[in-house]
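So the chains spell out like this:
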Amino acid sequence: MIPTLDLSHFLAGNEQQRRQFADGLLAGLIDTGFVKIINHGLDQQKLDEVFGWSKKFFHQSVEEKNKVANETGPKPVRGYSGVSVEYVSRLVDDKTSKPITDSKEHFDLGPANDPQFPNQWPPSPELAGFRPFMETLYERGNDICLTLLVALEISLGLKPGSLKERSIPNAADLRLTHYPEISIKDMRTGHTSRIAPHSDWGIITLLFQDSTGGLEVEDRRNPGTFFPVEPDDTTEMIVNAGDTLMRWTNGRVCAGIHQVTIPEEMKKLDEITLPERYSVAHLFKAQREVSIAPLSQFITADEPAKYPEMTALQYHRQVQNLLFT
């Protein structure tokens, strides 16, 4: 069971409420890798706009979307990636010769005015408001993530700024994802998934999903099995721990394994087509040149460092090589 936390208790509550939120956040991430958060500042109207812009982008022709096509390679994703371009299953099994195909397409953006990895924006006049809206949403997501890092610092007993300062300037990615309609027969072949089991490689991820369903989280008490995260309230923000947080804490907070597959209520049906699905993820990452090796506070004689010295960008490049191979 994924716990639900109220962010307003941390933002405007007393010291006891702030501590309860911080401890609840850490406990949820340790227990399942996930929490749900309400009162995060993005209301139903704002989220309707988010998904409205996403649908406008993906409903364009392939030719139009490809005008901002991402150039694959060991770098942050920028722009449009077509259906089945990534092989997320390689993040769990990088030796497989037959990776599972992900039936999804996505659009990614990073920091505004990033000279190293610049964003691409759709040129269509019908999407004239797309860029300012997404840039504002991106900054709002960063603010929420930094607030959550402060809460984790409190619960982990770290010096203020220990996590937050490693994340400024940020290198987050905002990803809009569209999962096209797909037959349940194709999903059952074992060769195709909406997105294969994986963990995210940043610090934490903020996720909003539509009402379609299909998101599942690995049960840590029974590895290899998954339970559904039902979209009962699409205004809930789902937060999961990523690889960087796992590395910084030397495995104390493990990254949350998740997948998108057949929605629970459709698993017993035959001869049906799964409806399209939309999600929006804010993949929050460390400053690119910061080390993601375990912090000294989590290394002891009994618990030596489990992960090697490496910068956030080096790890990002390593993962991207797997995704597009």
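Please refer to the structure higher up on the page.
Residues numbered from 1 in each chain as written. Predicted model: local features only at pLDDT ≥ 70, side-chain atom pairs only at ≥ 80, totals over all residues. Heavy atoms only, no water.

On the basis of which strands lie adjacent, the open sheet formed by eight strands has the order β1-β2-β13-β10-β16-β6-β5-β3 and mixed pairing. In this open sheet, the two strands that pair with only one neighbour each are β1 (4-6) and β3 (79-81). Each adjacent strand pair in this sheet contributes to an overall mean axis angle of 25°, direction not counted. Bridge count for strand β6 (residues 173-179) against strand β16 (residues 277-284) is seven bridges, and the pairing is antiparallel. Its bridge partner lying in β16, Asp 173 is registered against Leu 283. Together, β3, β5 (105-109), β6, β10 (204-209) and β16 form the strand contacts of helix α3 (residues 44-58), whose direction differs from that of β16 by roughly 110°. (Pairing = 2+ DSSP bridges. Helix = DSSP H or I, 4+ residues; strand = E, 2+ residues; numbered from the N terminus. Axes fitted to C-alpha atoms, helices over the stretch in contact; angles between N-to-C directions. Contact = heavy atoms within 4.5 Å.)

For the pair α3 and helix α5 (residues 130-156), the least separation of the axes is 11 Å and the interaxial angle reads 135°. Overall, the two elements α3 and α5 adopt an arrangement that is oblique. Viewed along their axes, α3 and α5 form a crossing whose handedness is left-handed. Contact residues: α3 offers Lys 46, Glu 49, Val 50, Trp 53 and Phe 57, while α5 offers Phe 130, Phe 133, Met 134 and Leu 137. Here the contact of α3 with α5 is built from residues that sort into seven nonpolar, no polar and two charged. (Parallel < 35°, antiparallel > 145°, perpendicular 65-115°, else oblique. Left-handed = near helix turned anticlockwise from the far one by under 90°. Nonpolar A, V, L, I, M, F, W, Y, C, P; charged D, E, K, R; others polar.)

Our focus in this paragraph is the pairing of strand β2 (residues 34-38). Burial runs high along β2: four of the five residues are buried. Bridging between β1 and β2 involves three bridges; their strand directions are parallel. Paired with Thr 4 across the bridge in β2 is Lys 36. (Buried < 20%, exposed > 50% of the residue type's maximum accessible area, 1.4 Å probe, protein only.)

Our next topic: the pattern of salt bridges. In the structure shown here, the tally under the stated rule is 17 salt bridges. Two residues, Arg 19 and Asp 23, come together in a salt bridge whose shortest N-O distance is 3.1 Å. In this pair, Arg 19 and Asp 23 both sit in helix α2 (residues 15-31), four residues apart, roughly one turn of the helix. Note that Arg 78 is salt-bridged to Asp 173, the shortest N-O span being 3.0 Å. Linking Arg 78 in the loop between α4 (62-65) and β3 with Asp 173 in strand β6, this pair joins segments that are 95 residues apart in sequence. A relative accessible area of 3% places Arg 78 in the buried class. Looking at Asp 173, the relative accessible area reads 4%, which means it is buried. Within this structure, Arg 78, Asp 114, Asp 173, Lys 285 and Arg 288 form a network of salt bridges that share partners. (Salt bridge = Lys/Arg side-chain N within 4 Å of Asp/Glu carboxyl O.)

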